[in-house]
Amino acid sequence: MGVITGWEFPWVEPTVSTGPMEDSAMVREQGGWVLVAAFASSSLGFVFWAFAARLFSVNAVGIAGPLVGLSSLATSIGILGLDNGLVRFIPRADRPRALMRRLMLIAGALSAVTGLILSAAVLAVSRDPAQQLPFLVLLTVVLATSQTWFQITDSGILAAQKSQFLGTRAISFGVVKIGMLFAVVGAGASGLFAAYVLPLLAIVIVSLFFVDRLWPERNERGTPVHLRELANLSFGNWISGLVYSIPSRVGPSIMLIFLGASPVAYFFIALQLAEVLNYIPEAVAKSLFAHGSIQDRLPASLTSSMRRLLAVIMLPLVALGIVLASIGMTILGGTQYGAHGLALQLFLLATLPKAGIQLYKAQFNVDRRPVALIAMGSTLGLVTLAAFVIFLIRGVPADWLPLAWVIGGTLALGVGWLLSRRRTPTKAEPQATSAEPRV
């Protein structure tokens with residue numbers, strides 16, 4: 001079968017090679033599909049909520065929106081990093097399908113219980129008592145479970161190097177939930193929330209029929225995967241991910257306490273705009289992690305190749321974003337937002353060390369180093385948060401507060417570099433051989 005190379009750069013004429021695809025080409029191709037899925041999910045999600053704001057009452061949006069957020073939190077807590085553990089261990093598992101099902105059962109149950117507790121507690125103490133409270137709680141449980149299964153099956157698809165299905169699923173979910181939105185106009189918060197939840201449940205159920213078949217029932221050359229071994233790496237990813245995301249999750253709330261609502265608005269919009277660039281290194285790192293898991297190693301040459309690719313992509317984009325920051329903020333929110341372009345410029349600078357951090361994250365996952373993951377992720381999260389609070393206490397202007405993200409990212413990148421110098425051999429069973437994902 002021929003392989004198209006040179007497709008990633010529009011000024012390079014694509015060529016067809018009849019030989020096997022090179023490692024770097026495979027990582028780029030799979031990373032491209034992961035990026036498509038991320039952009040599709042983000043953009044269609046924005047369209048969904050834009051229509052929801054116009055078609056439903058403020059009260060309905062005000063109830064459904066927080067429940068979606070609670071479901072995401074329940075998923076983050078309940079999944080325990082098992083999606084990352086699956087990517088690393090499924091290629092050499094003796095029973096790949098059974099491993100995926102077991103992780104879905106464990107993580108799904110934990111997410112469901114967490115979603116039940118969070119939604120029931122919040123709705124019970126809410127100032128605006130919601131009608132059909134049991135139904136809303138049930139939908140939250142379904143959404144938390146569905147999101148968990150969605151992420152785990154995403155990992156199964158990624159590990160099988162069939163990432164084109166990720167984009168298909170993301171687009172299908174986005175389009176179906178927007179269409180359903182128009183079908184339930186006037187149904188209140190329950191209808192709006194159902195329009196978000198039920199399409200995802202349907203997509204997940206349909207996905208189970210083909211994701212399961214991407215892997216063989218039994219890999220004769222594989223070895224048994226012990227849950228404790230998988231849990232060590234998964235726990236490292238879980239703790240690292242939670243601490244890593246703390247500044248972005250709680251930063252605006254802390255800022256609200258110190259400075260009030262108006263500065264938070266400019267800060268939050270700048271943070272969301274810059275976050276789009278982080279999709280690029282995350283997509284490449286996920287693909288690199290999946291490829292390294294199949295090969296059971298991550299050659300330094302391949303990592304260096306991806307580092308150069310990210311530099312070629314990210315540096316011009318960040319430079320362009322810095323030049324056009326004020327214009328972009330103005331287009332989005334008017335001249336009052338345009339006056340705060342500095343905040344966006346600093347957030348854009350912070351994406352550069354984060355790109356390197358993502359590559360180290362892939363390396364530490366392949367090398368099965370959960371402590372290194374925790375050390376690097378915790379450095380970014382805790383240093384960023386500490387610098388942010390110090391800046392607030394000292395009265396640093398609001399537009400300079402994103403400098404905390406630059407400081408935290410740079411120090412975390414340094415920690416990742418130091419830990420990578422003490423690279424340990426991958427703990428692989430010599431007799432185990434990767435299962436060949438089914439075509």
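Residues numbered from 1 in each chain as written. Predicted model: local features only at pLDDT ≥ 70, side-chain atom pairs only at ≥ 80, totals over all residues. Heavy atoms only, no water.

## Details of the overall build of the protein chain
When helices and strands are counted, the protein chain shows 15 helices and two strands. Within the protein chain, the fraction of its 439 residues that count as buried is 50%. If you take every contact in the protein chain between residues at least 6 apart in sequence, the share linking residues at least 24 apart comes to 81%. If you sum the accessible surface of the protein chain, you get close to 20000 Å²; carbon and sulfur atoms cover 68% of it. (Helix = DSSP H or I, 4+ residues; strand = E, 2+ residues; numbered from the N terminus. Buried < 20%, exposed > 50% of the residue type's maximum accessible area, 1.4 Å probe, protein only. Contact = heavy atoms within 4.5 Å. Areas by Shrake-Rupley, 256 points an atom, 1.4 Å probe, with all protein chains shown as cover.)

## As for helix α3 (residues 82-89)
Taken across its eight residues, α3 has eight buried, putting it largely inside the fold. When we look at burial in α3, the residues that qualify are Leu-82, Asp-83, Asn-84, Gly-85, Leu-86, Val-87, Arg-88 and Phe-89.

## So, unusual backbone geometry
With a phi angle near 55°, Leu-80 is a residue other than glycine that sits in the positive phi range. Along the chain, Leu-80 turns up in the loop between α2 (58-78) and α3. With a phi close to 60°, Arg-368 is a non-glycine residue in the positive phi region. Owing to a relative accessible area of 9%, Arg-368 belongs among the buried residues under this scheme.

## As for the packing of helix α14 (residues 370-393) against helix α15 (residues 403-421)
It is at 8 Å that the axes of α14 and α15 come closest, and there the two elements cross at 155°. Judged on the interaxial angle alone, α15 and α14 are roughly antiparallel. Handedness of the α14/α15 crossing: right-handed. Taken together, the residues of α15 that come into contact with α14 (itself represented by Ala-372, Ala-375, Met-376, Thr-379, Leu-380, Val-383, Thr-384, Ala-387, Phe-388 and Phe-391) are Leu-403, Ala-404, Trp-405, Ile-407, Gly-408, Gly-409, Leu-411, Ala-412, Val-415, Gly-416 and Leu-419. The class makeup of the residues in the contact of α14 with α15 is 16 nonpolar, five polar and no charged. (Axes fitted to C-alpha atoms, helices over the stretch in contact; angles between N-to-C directions. Parallel < 35°, antiparallel > 145°, perpendicular 65-115°, else oblique. Left-handed = near helix turned anticlockwise from the far one by under 90°. Nonpolar A, V, L, I, M, F, W, Y, C, P; charged D, E, K, R; others polar.)

## A short note on the environment of Val-383
Within the fold, Val-383 resides in helix α14. Overall, Val-383 belongs to the partly exposed group, its relative accessible area being 25%. In sequence terms Val-383 and Pro-247 are 136 residues apart; their C-alpha atoms lie 9.3 Å from each other. The residues contacting Val-383, other than those within four sequence positions of it, are Ser-378, Ile-407, Gly-408 and Leu-411.

## Side note on the nonpolar core
With 81 residues, the main nonpolar core has Leu-99, Met-100, Ile-152, Leu-288, Met-306, Phe-388 and Trp-405 as its most contacted residues. Each residue touching Met-100, except ones within four places of it in the same chain, is listed here: Leu-86, Ile-90, Ile-152, Gly-156, Val-211 and Trp-215. Core analysis: the next-biggest nonpolar cluster, separate from the first, contains 30 residues, Ala-52, Phe-150, Leu-181 and Leu-192 among them. (Core = buried A, V, L, I, M, F, W, Y, C linked by side-chain atoms within 4.5 Å.)

## As for the packing of helix α13 (residues 341-366) against α14
As a packed pair, α13 and α14 sit with axes 9 Å apart at the nearest point and diverge in direction by 160°. Between α13 and α14, the crossing angle belongs to the class labelled roughly antiparallel. Considering only the axes of α13 and α14, their crossing is left-handed. Contact residues: α13 offers Lys-354, Ile-357, Tyr-360, Lys-361, Phe-364 and Asn-365, while α14 offers Ala-372, Leu-373, Met-376 and Leu-380.

## Concerning the pattern of salt bridges
As enumerated under the stated definition, the model contains three salt bridges in all. Between Arg-97 and Glu-217 there is a salt bridge, with its nearest N and O atoms 3.3 Å apart. Highlighted residues: Arg-97 in helix α4 (residues 96-125) and Glu-217 in the loop between α7 (188-211) and α8 (227-259), separated in sequence by 120 residues. Owing to a relative accessible area of 33%, Glu-217 belongs among the partly exposed residues under this scheme. A network of salt bridges, in which partner residues are shared, links Arg-97, Arg-101 and Glu-217. (Salt bridge = Lys/Arg side-chain N within 4 Å of Asp/Glu carboxyl O.)

## Description of the environment of Leu-273
Within the secondary structure, Leu-273 sits in helix α9 (residues 261-295). A C-alpha to C-alpha distance of 9.8 Å links Leu-273 and Ala-325, two positions 52 residues apart in sequence.

## Looking at the confidence of the model for the protein chain
Summary statistics for the protein chain give a mean pLDDT of 81 and a share of 89% for residues scoring 70 or more. Between the elements of the protein chain, mean pLDDT differs from a low of 41, seen in strand β1 (residues 3-5), to a high of 94, seen in α15. Between residues 1-20, whose pLDDT stays under 50, and residues either more than four places distant or in other chains, the model counts 23 contacts. Within the model, pLDDT remains below 50 along residues 425-432, and this stretch shows 17 contacts once partners closer than five positions in the same chain are excluded. (pLDDT = per-residue confidence, 0-100.)

## Things to note about the packing of aromatic side chains
Using the criterion set out here, one finds ten aromatic pairs in the structure. Pairing Phe-173 with Tyr-196 gives two aromatic rings, centres 5.9 Å apart and planes at 85°, and the pair type is edge-to-face. Taken together, the residues span a long stretch of sequence, with Phe-173 in helix α6 (residues 164-183) and Tyr-196 in helix α7 at a distance of 23 residues. Like Tyr-196, Phe-173 is buried. Summarising the aromatic geometry, the rings of Phe-388 and Trp-405 are spaced 5.4 Å apart at their centres and angled 85° between planes, so their arrangement reads as edge-to-face. Within this pair, whereas Phe-388 is found in helix α14, its partner Trp-405 is found in helix α15, the two being separated by 17 residues in sequence. Trp-405 shares its class with Phe-388; the two are buried. Among the aromatic residues, those joined into a cluster by ring pairs are Phe-267, Phe-347, Phe-388 and Trp-405. The ring of Phe-150 is capped by Arg-169, whose NZ or CZ atom sits 4.0 Å from the centre of that ring. (Phe/Tyr/Trp six-rings, centres within 6.5 Å; stacked < 30°, edge-to-face > 60°. Lys NZ or Arg CZ within 6 Å of the ring centre and 35° of its normal.)

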